[in-house]
Amino acid sequence: MQQAERLDATFAALADPTRRAILARLAFGEATVSELAEPFEISLPAVSKHLKVLRQAGLIERGRQAQWRPCRLAPGPLKEVAEWVNGYRRFWEESYERLDEYLDKLQGR
Amino acid sequence: MVQQSHPGLTITMPSDREVVTVRDFNAPRDLVYRAFTDPQMIPNWWGPRIYATKVEKMDVRPGGTWRFIQSDAQGNEFAFRGEYREVTPPERVVSTFEFEPMPGHVIVETTVFEETDGKTRVTTTAIFQSKEDRDGMVQSGMEVGARESYERLSEILATMV
């Protein structure tokens, strides 16, 4: 299913601190590859590799101006991950509340 | 990095794909362990209140599988399923958790039960698995601003940290 695959790619893309830092920077506006590479001690090709992972996961996109192709966030997949993780968390929070009540009932409280 | 998001429930995120939940219950371990592993008991607490849960199968031993069907007031149904990998009563269960409408996206959950003074601490570590397969990705539309989306994710992750 496309949605499951999209989530998987998003999780994989987020599973790297450099990529998360890149996304955090892009949340404040678009940037060129060299601007994005600046805070890191890794090489420009290494940064480009990370950008490729993020692009393939649909998390960022490149602008189309000839000389300047900035990167920017594409928020759809992130929103999806956020909702999925939130859903899982809410599921267990509510289940545990119900379990509390059920255990009380079983013990005659 | 720990945050109380609910009285008695602590959620941490020790690495990017692990969520650790710690919850204390006012009951002895044997009873809590049974609540988690007895098919008769599951429908009394598992899942959100608005859904009824039916246990289709629940074979709690290594290699055994489970499948629970949830239904709402309108009769809509969807299922969760998984398999058990390790079972050490009454201390520990390792199993997978999958939401059938989104197949292939599997969580591996390790649940540990510890008793102190007649109360039980349940610690669950959930690891989100990720597949290599990236075919057929369709980017969903931009419904919200870029920063808003990312901040929302950070917010949610922060409550887990």
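Position numbers for residues count from 1 along each chain, tracking the sequence in the order it is written. Numbering of ligands from 1 and lettering of chains from A proceed in the order in which they are written. Totals for whole chains, interfaces and linings use every residue, but because this is a predicted model, local features are given only for residues with pLDDT of at least 70 and side-chain atom pairs only at 80 or more, for both listing and counting.

S.K.: For this particular structure, what's the right way to read the pairing of strand S5 (residues 65–71) of chain B?
M.R.: Successive residues of a regular strand alternate their side chains across the two faces of the sheet. Residue and element names in this part refer to chain B. When strand S4 (residues 52–58) meets S5, the two strands line up antiparallel, connected through six bridges. What sits directly across from Thr53, in S5, is Gln70. Linking S4 back to S5 in an antiparallel pair, the connection comprises six residues, with Gly63 at a positive phi of about 90°. We call two strands paired when DSSP finds no fewer than two bridges between them. Helical segments are the DSSP runs of H or I of at least four residues, strand segments are the runs of E of at least two, and each set is numbered from the N terminus. As judged from the seven bridges shared by S5 and strand S6 (residues 77–88), these two strands associate in the antiparallel manner.

S.K.: How do you make sense of the nonpolar core when you look at a structure like this?
M.R.: Side chains that are nonpolar tend, in soluble globular proteins, to be buried together. Residues and elements named next belong to chain A. Throughout this description, the term nonpolar core refers to a group of buried Ala, Val, Leu, Ile, Met, Phe, Trp, Tyr and Cys residues whose C-beta atoms join them within 7 Å. Field definition: a residue is buried when 20 or more other C-beta atoms are found within 10 Å of its C-beta, exposed when 12 or fewer are, and partly exposed for counts in between, with C-beta atoms placed from the backbone. With 20 residues, the main nonpolar core has Ala13, Leu26, Leu59, Ile60 and Leu73 as its most contacted residues. Those elements giving two or more residues to this core turn out to be helix H1 (2–14), helix H2 (17–26), helix H3 (33–37) and strand S2 (71–73). Broken down by element, the residue count for this core peaks at six residues, all from H1. In this structure Ala13 touches Arg19, Val53, Leu54, Ala57 and Leu59, once residues within four positions along its chain are discounted. We call two residues in contact if the C-beta atoms placed from their backbones are at most 7 Å apart.

S.K.: I tried to follow the confidence of the model for chain A on my own but got confused; where do I start?
M.R.: Reading predicted coordinates in detail is not appropriate for stretches of low pLDDT. Known as pLDDT, the predictor's confidence for each residue is given on a scale from 0 to 100. Overall, the predicted model of chain A reaches an average pLDDT of 81, with 84% of residues at or above 70. The least confident element of chain A is H1 of chain A, whose mean pLDDT is 76; the most confident is helix H4 (residues 44–56) of chain A, at 89.

S.K.: Even after reading the chapter, I still don't get the environment of Glu61 of chain A, so can you show me in this structure?
M.R.: Residue and element names in this part refer to chain A. Structurally, Glu61 can be placed in strand S1 (residues 60–62). In the structure, Glu61 is positioned 13 residues away from Ala74 in sequence and 6.2 Å away in space, judged by C-alpha atoms. Sequence-distant contacts of Glu61, that is, excluding residues within four places in its chain, are made with Arg55, Arg72 and Ala74.

S.K.: Quick question: what am I supposed to make of the packing of H2 of chain A against H4 of chain A here?
M.R.: In helix packing, the relevant descriptors are the interaxial angle and the interaxial distance, both defined with respect to the helix axes. All names here are of chain A. The N-to-C vectors of H2 and H4 enclose an angle of 70°; their axes lie 10 Å apart at closest approach. Overall, the two elements H2 and H4 adopt an arrangement that is roughly perpendicular. Residues Thr18, Arg19 and Ile22 of H2 form the contact with H4, whose own contacting residues are His50, Val53 and Leu54. When residues are grouped by polarity, Ala, Val, Leu, Ile, Met, Phe, Trp, Tyr, Cys and Pro land in nonpolar, Asp, Glu, Lys and Arg in charged, and all others, Gly among them, in polar. Partitioned by chemical class, the residues of the contact of H2 with H4 number three nonpolar, two polar and one charged. Under this scheme, a helix contributes an axis fitted over its contacting stretch, all axes are lines through C-alpha atoms, and angles between N-to-C directions fall in the 0 to 180 degree range. For classification, angles of less than 35 degrees are called roughly parallel, those exceeding 145 degrees roughly antiparallel, those between 65 and 115 degrees roughly perpendicular, and all remaining angles oblique.

S.K.: Before we go on, may I ask you to explain unusual backbone geometry in this structure?
M.R.: Excluding glycine, a negative phi dihedral is what most residues carry, and trans is how most peptide bonds are arranged. Residue and element names in this part refer to chain B. Here Pro89 and Pro90 are connected by a cis peptide whose omega angle stands at -10°. Positionally, Pro90 belongs in the loop between S6 and strand S7 (92–99). Phi is positive for Asp117, close to 50°, though the residue is something other than glycine. Within the secondary structure, Asp117 sits in the loop between strand S8 (106–116) and strand S9 (119–128). In this structure Asp117 comes out as exposed when scored by C-beta crowding, with 6 C-beta atoms within 10 Å.

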